[in-house]
Amino acid sequence: LAKTTQPISMDSYEGQEVNITCSHNNIATNDYITWYQQFPSQGPRFIIQGYKTKVTNEVASLFIPADRKSSTLSLPRVSLSDTAVYYCLVGDHGNNRLAFGKGNQVVVIP
Amino acid sequence: GAGVSQSPRYKVAKRGQDVALRCDPISGHVSLFWYQQALGQGPEFLTYFQNEAQLDKSGLPSDRFFAERPEGSVSTLKIQRTQQEDSAVYLCASSWGSGQGDEQYFGPGTRLTVT
């Protein structure tokens with residue numbers, strides 16, 4: 001499984017756009033990039049998944065450059081309730097086990 | 001519809017006791033996963049079922065850990081002779097299919113504290 005590297009933590013102000021980065025230098029051709037979100041005392045929740053370029057859903061956008069060695073999760077106009085740990089995962093669709101890493105603690109400040 | 005549920009939500013066990021943790025996946029989901037999450041860490045894979053078949057148990061930390069899903073729905077994770085290092089949150093997840101492309105839906109977890 002390709003290893004991912006994320007900042008340990010970051011702060012953001014309420015109402016701002018937050019960009020969370022992830023490095024995955026050893027990503028393989030068949031690997032997809034998936035992001036999960038975890039609130040305290042809850043299980044992780046799927047946010048978004050992509051392979052290349054840009055993916056957008058009702059919650060977030062995922063930007064993947066051409067070399068796919070990194071990705072950026074963008075959360076528009078965050079609120080206090082977006083305070084959570086965000087995990088970047090890399091793996092192929094034939095691999096059913098998720099490898100989470102330590103994630104990135106995002107704290108939204110009023 | 002109902003999500004993944006787990007019970008109990010909290011469990012305190014004395015060292016050496018056996019515990020059983022239950023997971024009720026989303027109805028119709030083929031795949032079921034167990035993860036262990038230590039404080040301040042991301043979840044770590046323990047084991048995986050496709051229907052009633054346990055296809056991967058490579059993440060189970062010792063032979064004291066045992067999981068079953070006899071009818072392809074509800075699953076139980078059993079830990080025998082609990083040790084302090086077993087203290088963690090145990091998460092269950094289910095999905096429609098069997099690949100990482102399939103979104104996994106997680107339960108709230110069971111927090112196990114071994115004293």
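Residues numbered from 1 in each chain as written. Chains lettered and ligands numbered in written order. Predicted model: local features only at pLDDT ≥ 70, side-chain atom pairs only at ≥ 80, totals over all residues. Heavy atoms only, no water.

**What about the overall build of chain A?**
- The helix and strand tally for chain A stands at 0 helices and 9 strands.
- Starting at the N terminus and walking to the C terminus, you meet the elements of chain A as β-β-β-β-β-β-β-β-β.
- Relative to the compact-globule value of 13 Å for 110 residues, chain A shows a C-alpha radius of gyration of 13 Å, a close match.
- Judged by the C-alpha coordinates and their principal axes, chain A covers about 40 × 30 × 25 Å.
- Long-range pairs, those at least 24 residues apart, make up 57% of the contacts in chain A between residues at least 6 apart in sequence.
- Summed over all atoms, the accessible surface of chain A reaches about 5500 Å², with 50% contributed by carbon and sulfur.
- In chain A, 9 positive and 8 negative side-chain charges are present, and the distance between their average locations comes to 7 Å. (Helix = DSSP H or I, 4+ residues; strand = E, 2+ residues; numbered from the N terminus. Rg over C-alpha atoms; globule rule 2.2 N^0.38 Å. Contact = heavy atoms within 4.5 Å. Areas by Shrake-Rupley, 256 points an atom, 1.4 Å probe, with all protein chains shown as cover. Lys, Arg positive; Asp, Glu negative; His and termini not counted. Charge placed at Lys NZ, Arg CZ, Asp CG, Glu CD.)

**Examining the side chain of B:Q104**
- Take B:Q104: it is sitting in the loop between β9 (88–95) and β10 (105–106).
- Look at B:Q104 and you get buried, because its relative accessible area is 1%.
- Separated by 2.9 Å, the side chains of B:Q104 and B:Y35 make a polar contact.
- When neighbours within four sequence positions are excluded, B:Q104 is seen to be in contact with A:Y36, A:N96, A:L98, B:F33, B:Y35, B:A93, B:S94 and B:S95. (Buried < 20%, exposed > 50% of the residue type's maximum accessible area, 1.4 Å probe, protein only. Polar contact = N/O pair within 3.5 Å; in protein donor to acceptor, adjacent residues only side chain to side chain.)

**Section: the pattern of salt bridges**
- A full pass over the atoms with the stated rule returns 4 salt bridges over all chains.
- A salt bridge links A:R97 to B:D56, with the nearest nitrogen and oxygen atoms 3.6 Å apart. Remark: B:D56 occurs in strand β6 (residues 53–56) and A:R97 occurs in the loop between β8 (84–92) and β9 (104–109); the pair is interchain, linking two chains.
- In this structure A:R97 comes out as partly exposed when scored by relative accessible area, which is 25%.
- One salt bridge connects B:R64 with B:D86, and the closest N-O pair in it is separated by 2.8 Å. In this pair, B:R64 is assigned in the loop between β6 and β7 (65–68) and B:D86 in the loop between β8 (75–79) and β9, connecting sequence segments 22 residues apart.
- For B:R64, a relative accessible area of 11% translates into the label buried. (Salt bridge = Lys/Arg side-chain N within 4 Å of Asp/Glu carboxyl O.)

**A look at the state of the cysteines**
- A complete count under the given rule lists 2 disulfides over all chains for this structure.
- Between the sulfur atoms of A:C22 and its disulfide partner A:C88 the distance amounts to 2.2 Å. Its S-S torsion of about -80° marks the bond between A:C22 and A:C88 as left-handed, since a negative value means left-handed. A residue pair is termed long-range when its members are at least 10 positions apart, and A:C22 in strand β2 (residues 18–23) and A:C88 in strand β8 qualify at 66 residues. Accessibility classification places A:C22 together with A:C88 in one group, the buried group.
- Two residues share a disulfide in this structure: B:C23 and B:C92, whose sulfurs sit 1.8 Å from each other. An S-S torsion of about -65° defines the bridge between B:C23 and B:C92 as left-handed. Residue B:C23 is found in strand β3 (residues 19–24), and its partner B:C92 is found in strand β9; the two are separated by 69 residues along the sequence. Per residue, the accessibility class of B:C23 equals that of B:C92, and both read buried. (Disulfide = S-S within 2.5 Å.)

**Describing the layout of surface pockets**
- Looking at the largest pocket, its volume works out to about 730 Å³.
- Along its surface, the largest pocket is lined by 37 residues, and A:Q38, B:Q37, B:A38, B:G40 and B:Q41 are the ones closest to its centre.
- If you list the elements that add at least two residues to the lining of the largest pocket, you get β8 and β9 of chain A together with β9 and β11 (110–114) of chain B.
- Considering every element that reaches the lining of the largest pocket, the biggest residue donor is β11(B), with 4 residues.
- Broken down by class, the residue content of the lining of the largest pocket amounts to 15 nonpolar, 19 polar and 3 charged. (1 Å grid on protein atoms, 1.4 Å probe; cavity = no way out; pocket = protein on both sides within 12 Å on 5 of 7 lines; lining within 4 Å. Points joined across faces, edges and corners; volume = space filled by probe spheres on them. Nonpolar A, V, L, I, M, F, W, Y, C, P; charged D, E, K, R; others polar.)

By themselves, these figures tell us nothing about what the structure is for.
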